[in-house]
Amino acid sequence: MAGTMLFVELFSLVVLAVFVAVDGDRRATLRDAGLVALGAFLGEDSCIRLYEYYAYSPGWHVFLDRVPLVVLLIWPAVVLSATKIAKAIAPRASALRLGAMVMGIVVFDAALIEPIAVHAGLWHWAHSGIFHVPVIGILGWGFYAGAIVVALESLRGSRRLLAPPLAALATHAMLLAAHWGLFRYVLRFELAFHVSLGLIVPAALAYAQVVVRTRATLGPGDLVARALATSLFVVLLARSPSLPLVLYASAFTLPHLVLVAQSLRTLRAGPRGIGA
């Protein structure tokens with residue numbers, strides 16, 4: 001387990017470094033990354049302490065209170081990468097619409113990341129759902145991502161320092177509303193494999209359809225960064241394969257393959273993608 005943790009930590013740092021390196025405006029990326037990471041700490045640490053829904057494995061090497069440092073450093077890549085996709089889909093979207101799109105993209109990504117991470121022992125949940133991950137736990141990723149993006153897009157100058165605490169508070173508000181409004185009563189138990197697959201396949205088809213319809217593309221650097229991040233979870237799953245989880249994970253590939261295909265086709269015609 002110690003070897004797995006060290007591998008995950010080092011690989012995550014490489015992903016973050018590549019993500020920053022390929023961005024055209026590294027100063028702005030580092031500034032936003034710091035704000036996203038700070039908000040992630042405020043949100044995650046308070047959620048763990050208040051709700052006790054999940055906990056990280058003690059095998060992580062460096063913690064800030066209840067949250068591994070590397071997890072906080074990888075949050076910017078998750079959020080800012082999803083933001084690039086959202087802007088490729090809708091370049092002129094308002095802050096609110098952009099945040100909603102980022103929320104959806106990150107929820108889709110988290111629905112893949114969470115089950116594999118739990119299967120690998122990186123963290124664990126006190127409640128069940130999709131492969132031992134409660135649905136509200138997956139949605140929590142999107143709640144925070146959408147909130148921090150809306151805050152960063154809406155605030156200017158020194159007021160952007162308010163984005164982390166505002167996003168953390170908004171995340172709590174959405175989690176509580178989701179829990180008391182719905183998940184306290186439904187989807188509280190482990191879902192059957194076919195139910196989990198039935199939730200993901202339509203989402204993947206809808207995501208792919210949006211990418212095709214809007215002709216969204218990414219630049220080569222962003223494609224490499226996302227491919228690296230995805231490969232981490234491929235390796236984790238390969239180290240401890242589970243046929244149901246492999247089949248489930250394969251359902252996520254369609255929109256990403258479509259995005260890669262469109263981006264490569266655009267590059268051959270003349271690069272116009274974000275992050276080129």
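What counts, and at which threshold
- Residue indices begin from 1 for each chain and proceed along its sequence in written order.
- Residues qualify for local features only when their pLDDT is at least 70, as the model is predicted, and side-chain atom pairs are given and counted only at 80 or more; totals for whole chains, interfaces and linings, by contrast, use all residues.
- By convention in this description, side-chain values take in all heavy atoms of the structure and omit both hydrogens and water.
- Secondary structure is summarised from DSSP: a helix means a run of H or I of at least four residues, a strand means a run of E of at least two, and numbering begins at the N terminus for each.
- We take the radius of gyration over the C-alpha atoms and set the globule estimate at 2.2 Å times the residue count to the 0.38 power.
- Each residue's exposure class comes from its accessible area (1.4 Å probe, protein chains only) as a fraction of the maximum for that residue type: buried when under 20%, exposed when over 50%, partly exposed otherwise.
- In what follows, a contact means two residues having at least one pair of non-hydrogen atoms within 4.5 Å.
- For Phe, Tyr and Trp, rings pair up if their centres lie within 6.5 Å, where Trp contributes its six-membered ring, and each pair is then called stacked (planes under 30 degrees apart), edge-to-face (over 60) or tilted (otherwise).
- For a lysine, the NZ atom is tested; for an arginine, the CZ atom; a charge sits over a ring if that atom is within 6 Å of the ring centre and within 35 degrees of the ring normal.
- Each residue after the first adds 1.5 Å to the expected span of a helix.
- Take the seven residues that end at a residue and the seven that start at it, fit an axis to each, and the angle between those axes is the bend at that residue.
- As a rule, the C-alpha atoms of each element are fitted with a line to give its axis, helices using only the stretch in contact, and angles between N-to-C directions run from 0 to 180 degrees.
- By the definition adopted for this analysis, an angle is roughly parallel if under 35 degrees, roughly antiparallel if over 145, roughly perpendicular if from 65 to 115, and oblique otherwise.
- It is the rotation of the near helix from the far one that decides the hand of a crossing: anticlockwise by less than a right angle makes it left-handed, clockwise makes it right-handed.
- For this scheme, ten residues count as nonpolar: Ala, Val, Leu, Ile, Met, Phe, Trp, Tyr, Cys and Pro. Four count as charged, namely Asp, Glu, Lys and Arg, and the remainder, Gly too, count as polar.
- In what follows, salt bridge is the name for a side-chain nitrogen of Lys or Arg lying within 4 Å of a carboxyl oxygen of Asp or Glu.

Q: Can you walk me through the overall build of the protein in this structure?
A: Per the secondary structure count, the protein includes 10 helices and 4 strands. The secondary structure elements of the protein, listed N-terminal to C-terminal, are α-α-β-β-β-α-α-β-α-α-α-α-α-α. Here the C-alpha atoms of the protein give a radius of gyration of 18 Å, agreeing with the 19 Å that 2.2 N^0.38 yields for 276 residues. Over its C-alpha atoms, taken along the principal directions, the protein stretches across nearly 50 × 45 × 40 Å. With 276 residues in all, the protein has 50% of them scored as buried. Within the protein, residue pairs in contact and separated by at least 24 positions form 77% of the contacts whose partners lie at least 6 positions apart.

Q: Help me understand the packing of aromatic side chains, please; the structure alone is not making it clear to me.
A: Each aromatic ring pair is described using two quantities: the centre-to-centre distance and the angle formed by the ring planes. Across all of its chains, the model carries 12 aromatic pairs by this definition. For the ring pair F131 and Y248, a centre distance of 5.0 Å and an interplane angle of 55° mean the geometry is tilted. Here Y248 lies in helix α9 (residues 243-250) and F131 lies in the loop between β4 (123-125) and α5 (135-154), a separation of 117 residues in the sequence. With respect to burial, F131 and Y248 carry one shared label: buried. In this structure an aromatic cluster arises from ring pairing among F108, F131, F193, Y207, Y248 and F252. Sitting over the face of the ring of F19, K84 holds its NZ or CZ atom 5.2 Å from the ring centroid.

Q: What exactly am I supposed to notice about unusual backbone geometry here?
A: Apart from glycine, the bulk of residues carry a negative phi angle, and the bulk of peptide bonds sit in the trans form. Unusually for a residue other than glycine, E52 sits at a positive phi of about 55°. Relative to the elements of secondary structure, E52 occurs in the loop between α2 (26-51) and β1 (54-56). A positive phi angle, close to 55°, is found at D65, a residue other than glycine. Tracing the sequence through the fold places D65 in the loop between β2 (63-64) and β3 (67-68).

Q: Where do I start with helix α4 (residues 95-120) in this structure?
A: For α4, which comprises 26 residues, the first-to-last C-alpha distance of 36 Å matches the rise-based estimate of 38 Å (1.5 Å per residue) to within 8%. The largest bend in α4 comes to about 30°, at A110. The buried count for α4 comes to 19 of 26 residues, which makes it a mostly enclosed element.

Q: Can you help me understand the environment of H61 in this one?
A: Looking at where H61 falls in the secondary structure, it is placed in the loop between β1 and β2. Separated by 46 residues in sequence, H61 and V15 place their C-alpha atoms 18 Å apart.

Q: Would you take a moment to explain the packing of α2 against helix α6 (residues 163-183) for this structure?
A: When two helices pack together, their arrangement is given by the angle between the helix axes and the distance between those axes. Contact pair α2 / α6: the axes reach a minimum separation of 8 Å and the direction vectors enclose 40°. By the angle between their axes, α2 is oblique relative to α6. In terms of crossing hand, the pair formed by α2 and α6 is right-handed. Facing L35, L38, G39, L42, G43, S46, C47, L50 and Y51 of α2, the residues of α6 in contact are P164, P165, A168, H172, L175 and L176. Here the residues of the contact of α2 with α6 sort into 11 nonpolar, 4 polar and no charged.

Q: So what exactly am I meant to see when it comes to helix α8 (residues 220-239) here?
A: A turn of α-helix holds 3.6 residues, and therefore any two residues three or four places apart point the same way. With 20 residues, α8 ought to run about 28 Å at 1.5 Å a step, and its terminal C-alpha atoms sit 28 Å apart, in line with that. Burial in α8 covers these residues: G221, D222, L223, A225, R226, L232, F233, L236 and L237.

Q: I would appreciate a short explanation of the pattern of salt bridges in the present structure.
A: It is possible for side chains bearing opposite charge to pair when their charged atoms get close. Counting across every chain of the model gives 7 salt bridges. With a closest N to O distance of 2.7 Å, R49 and D65 form a salt bridge. Here the residue R49 occupies a position in helix α2, and D65 occupies one in the loop between β2 and β3, the gap between them amounting to 16 residues. On the accessibility criterion, D65 (39% relative accessible area) is partly exposed. In this structure, K84 engages D222 in a salt bridge whose closest nitrogen and oxygen atoms are separated by 2.9 Å. Here D222 lies in helix α8 and K84 lies in helix α3 (residues 69-89), a separation of 138 residues in the sequence.

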